[in-house]
Amino acid sequence: MSNNPETNKETTANDQVDSRIAAVRDLIFGENIQQYNSEFADVYNKIESLKNSTNKNLTEAVTNLENKLADLESLVDHKFQDLNDDLDKRLADLDDEKADRRKLGKALEKIALMLQE
């Protein structure tokens, strides 16, 4: 703290203003000021409690949604893999069917040649 006389005058002036405000407050609110302060403190505590609860619920909801999205992503990837495997199998079956037709065609050609002889 400084020993500046101007600072001391300002502090004294502020103290006088504060005491005047306190006097006016006491005149307006009287003895109920403690009850009002208590009720305001209760309201502020309830607001803080609700704020904390809301933040906690929001965090849990975000975590839950992230987990569900990860599960959905895994499920979709699994389904795409199953569809891809099924498509590959069907393509392989088609190739086998074409190969069988070629073999059948060649066999028929051999039979035709044998019949011509």
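Higher on the page you've got the structure.
Residues numbered from 1 in each chain as written. Predicted model: local features only at pLDDT ≥ 70, side-chain atom pairs only at ≥ 80, totals over all residues. Heavy atoms only, no water.

**Things to note about the overall build of the protein chain**
Across its full length, the protein chain holds two helices and zero strands. For the protein chain, with 117 residues in total, the buried portion stands at 1%. Surface summary for the protein chain: the accessible area is close to 11,200 Å², and the carbon and sulfur share equals 56%. (Helix = DSSP H or I, 4+ residues; strand = E, 2+ residues; numbered from the N terminus. Buried < 20%, exposed > 50% of the residue type's maximum accessible area, 1.4 Å probe, protein only. Areas by Shrake-Rupley, 256 points an atom, 1.4 Å probe, with all protein chains shown as cover.)

**Overview of the pattern of salt bridges**
Per the stated rule, a full pass over the model turns up one salt bridge. Linking R90 and D86 is a salt bridge whose minimum nitrogen-to-oxygen distance equals 3.3 Å. With R90 and D86 both in helix α2 (residues 33–116) and four residues apart, this pair spans about one turn of that helix. On the basis of relative accessibility, which here comes to 35%, the residue D86 falls in the partly exposed class. (Salt bridge = Lys/Arg side-chain N within 4 Å of Asp/Glu carboxyl O.)

**What to know about a nonpolar patch on the surface**
There is a patch of nonpolar side chains on the surface, built from V24, L27, I28, F29, Y36, F40, V43, Y44 and I47 and spanning about 940 Å² of accessible area. Among the elements of the structure, α1 (5–29) and α2 are those that each provide at least two residues to the nonpolar patch. For the nonpolar patch, the element with the highest residue contribution is α2, accounting for five residues. (Patch = residues over 30% accessible without salt bridge, like charges linked within 9 Å, V, L, I, M, F, W, Y side chains within 5 Å.)

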